[in-house]
Amino acid sequence: MKCFLEIDYSIEIKEGQKIAGDVVFLNRLPNEERNVCILSDGLGSGIKANVLATITGKMAQKYVVNNLDITHAAKIIMNTLPVCKERKISYATFTICDISQEGAARIIEYDNPSYQLYRKGKEIKPEKISIQLDRERAFKKEELFYSEPPLIPGDRLIFFSDGVTQAGLGSKLYPLGWRERNVRNFIEMLLDKNPNMSARELAKKVTSKAKILDNGKAGDDITATVIYFRHPRKLLVVTGPPMNKDYDKEMIQRIDQFPGKKIIAGGTTANIASRELNRKVTINIKQRSKDIPPTSDMEGIDLITEGMLTLNKVAEILENRDEKSLTENHGAARFATLLINSDHVTFLVGTRVNEAHQDPSIPFEIGIRRSIVRRILQALETNYLKETHFEFI
Amino acid sequence: MKSIELEICTGTACYILGAAELLDIEEMVDHKIKEKLNVKGATCCGSCKSKSSCPPYIRLDGELMGAMTLEKLITLLNEKGGLT
C-alpha cells in the first residue's frame with residue numbers, strides 16, 4: 001500500500017498571551033504530489049510576534065507553493081525582511097520543508113533549532129550544506145542550512161521552535177534548557193514504547209512535556225510539527241439512505257467489507273445496516289449534549305451517530321481546529337476524533353431526500369447533507385492534510 | 001413491582017423539538033417512579049414525516065404519543081406509577 005505523509009503540529013501559547021508568536025503553515029498540493037510545511041518563530045511574543053512570523057511564513061509559503069526554489073526563496077526573505085535595529089537579529093526565524101509524496105524532502109532552516117529525523121525510532125543526522133549570507137545591520141554572519149534527507153516508509157521528521165529546546169531554562173533539572181539531545185532522548189523513549197505513534201500524538205507529547213518542564217506555564221511559545229511517512233489509516237463514513245432502495249444491500253456490503261474504521265451517521269442509515277446485517281442497534285442515551293443526539297452501538301461498526309446535527313457540529317469543530325470540543329462526551333466529538341486520527345477518509349453519501357429535513361420548524365442552518373459533507377471534506381484537507389474521497393449513491 | 005417502559009425518540013426532528021429535554025426525565029421524576037422506570041432511546045419511526053406530525057414522540061408501555069413535554073410526561077408517569 002502506498003505510504004502516506006501524516007503531517008500535524010501542536011502549539012502551546014506562551015503563558016499570559018492570547019495568541020502564539022510561532023506560526024505553522026501546511027499545504028498539500030495533490031496535483032504536484034508535494035507538500036509544503038513552514039514553521040516561523042516571531043521575535044518577542046503575542047500579537048506583534050505573530051504578525052512578524054506570519055509575514056515571514058506567508059512569504060515562504062507563497063514562494064515555495066508556487067515553485068520557487070526554496071534556497072532562492074530563503075535568500076529573498078532574508079534580504080527583504082528587516083533586522084531589528086536594537087537587537088540586530090531578524091524579526092522571525094523560518095524552517096521550510098518541501099516534501100514529495102514519495103518522501104523526498106528538501107529543507108532549509110534559518111535560526112530555528114535543527115530538525116530531527118527518526119528512523120526505526122532512533123535519530124539519524126542527515127548531511128547539511130551551510131549557506132552564508134551577509135546582511136547589513138545584522139550583528140552576525142547569517143547562516144542558512146540546506147538538506148535533502150530522503151525518507152523511507154516509517155521515518156519521521158520533527159521540526160520545533162526554541163520554545164521546545166529552551167523549555168525548563170533556569171530550572172534545577174535543565175538549567176540550560178531541555179536542549180536538543182534531551183529532546184531526542186525523550187522522543188526515542190516514546191517511540192520505543194509505541195513505534196506506531198501518530199504524528200499528531202508525537203507533536204502533542206513533545207509540546208506537553210516542554211510545558212511541564214516550564215512548570216505548566218510556557219516560558220515561550222512551544223511548537224512542534226511532525227511529518228510521519230506511514231501506512232495510511234482508513235476510515236469509511238456512510239450517511240444517508242441510497243437514492244434507490246435496491247442499492248441498500250450493496251451499500252451495507254461495502255461497509256461490512258471495508259478494511260478500516262467505520263462510521264454510520266444517521267438513524268435511517270443505521271436502521272438499514274441493522275436490517276441488512278441482522279445486528280442490533282443500542283442507543284447510548286448518556287452520550288449526548290443538549291445539541292447533539294445520542295450515539296449508538298452496533299457490532300462491527302466503530303461509531304453510529306445521528307445525522308445532520310452531528311455532521312454540522314463535526315464540520316464546525318474541524319473548520320476551527322477546535323481541540324477543546326474533542327474531549328466532550330457526544331457523537332460529534334467522537335466523530336471528529338476518528339476523522340482526525342485517520343489518513344484516508346471516504347464518505348459514502350446517500351441521496352434519498354429525508355422528508356423530515358423539509359420541516360419548516362427545523363432551523364434552516366442545518367443545511368442539506370451534501371453541503372455539510374463538502375465542508376467536512378474541505379476542512380479535513382485544508383486543516384488536517386487528510387486524503388479524502390466521496391461518492392454519492 | 002411492575003416496570004414502566006419508556007422509549008424516547010432520539011431522531012433529528014424529535015431531538016431538537018423537545019426530546020433532548022425529555023431525556024433528562026430520570027432526574028426529574030419522583031424517586032418512587034424512578035425505581036420502576038426503564039428509559040431507552042428509540043430510532044425514528046417516521047411519525048415526524050406525516051402531514052399531521054407533532055414531535056417529539058415517545059412510546060409509553062408501547063403506546064405512541066406525540067407533542068410530548070416534560071410536564072406532561074411527569075404527569076403521565078405519576079399516573080402510571082400510582083402517585084396521583
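Details of the structure are given in the entry above.
Anyway, here's the lowdown on the structure attached to this text. (Residues numbered from 1 in each chain as written. Chains lettered and ligands numbered in written order. Predicted model: local features only at pLDDT ≥ 70, side-chain atom pairs only at ≥ 80, totals over all residues. Heavy atoms only, no water.)

Re the overall build of chain A
So, point 1. Across its full length, chain A holds ten helices and 18 strands.
So, point 2. The C-alpha atoms of chain A give a radius of gyration of 23 Å, which matches the 21 Å a tight globule of 393 residues would have.
So, point 3. With respect to the principal axes defined by its C-alpha atoms, chain A has extents near 75 × 45 × 40 Å.
So, point 4. Within chain A, the proportion of its 393 residues that are buried is 55%.
So, point 5. For chain A, the proportion of contacts with a sequence separation of at least 24, taken over those separated by at least 6, is 68%. (Helix = DSSP H or I, 4+ residues; strand = E, 2+ residues; numbered from the N terminus. Rg over C-alpha atoms; globule rule 2.2 N^0.38 Å. Buried < 20%, exposed > 50% of the residue type's maximum accessible area, 1.4 Å probe, protein only. Contact = heavy atoms within 4.5 Å.)

Thoughts on the side chain of Gln 101 of chain A
All names here are of chain A.
So, point 1. When you line up the elements, Gln 101 lands in the loop between β4 (94-100) and β5 (105-110).
So, point 2. A polar atom in the side chain of Gln 101 sits 2.8 Å from the side chain of Asn 35.
So, point 3. Beyond its immediate stretch of four places on either side in the chain, Gln 101 contacts Leu 5, Arg 28, Glu 33, Arg 34, Asn 35 and Phe 229. (Polar contact = N/O pair within 3.5 Å; in protein donor to acceptor, adjacent residues only side chain to side chain.)

Digging into the sheet that holds strand β6 (residues 116-119) of chain A
Residue and element names in this part refer to chain A.
So, point 1. What the five strands build is an open sheet, ordered β1-β11-β10-β6-β7; its pairing is antiparallel. Two strands lie at the open edges of the sheet, namely β1 (4-12) and β7 (122-124), each paired on one side alone. Sheet twist, expressed as the mean angle between neighbouring strand axes with direction ignored, is 25 degrees.
So, point 2. Summarising the sheet, strand β10 (residues 156-160) and strand β11 (residues 222-230) pair through five bridges and their orientation is antiparallel. Residue Leu 157 lies in a different strand from β11, and its bridge partner there is Ile 227. (Pairing = 2+ DSSP bridges. Axes fitted to C-alpha atoms, helices over the stretch in contact; angles between N-to-C directions.)

Describing the side chain of Gln 116 of chain A
All names here are of chain A.
So, point 1. The residue Gln 116 is located in strand β6 in this model.
So, point 2. Under the relative-accessibility criterion, Gln 116 is labelled buried at 2%.
So, point 3. In this structure the side chain of Gln 116 is engaged in a polar contact, spanning 3.4 Å, whose partner is the backbone oxygen of Glu 180.
So, point 4. With residues up to four places along the chain from it excluded, the contact list for Gln 116 reads Glu 123, Arg 156, Leu 157, Ile 158, Phe 160, Glu 180, Val 183, Arg 184 and Ile 187.

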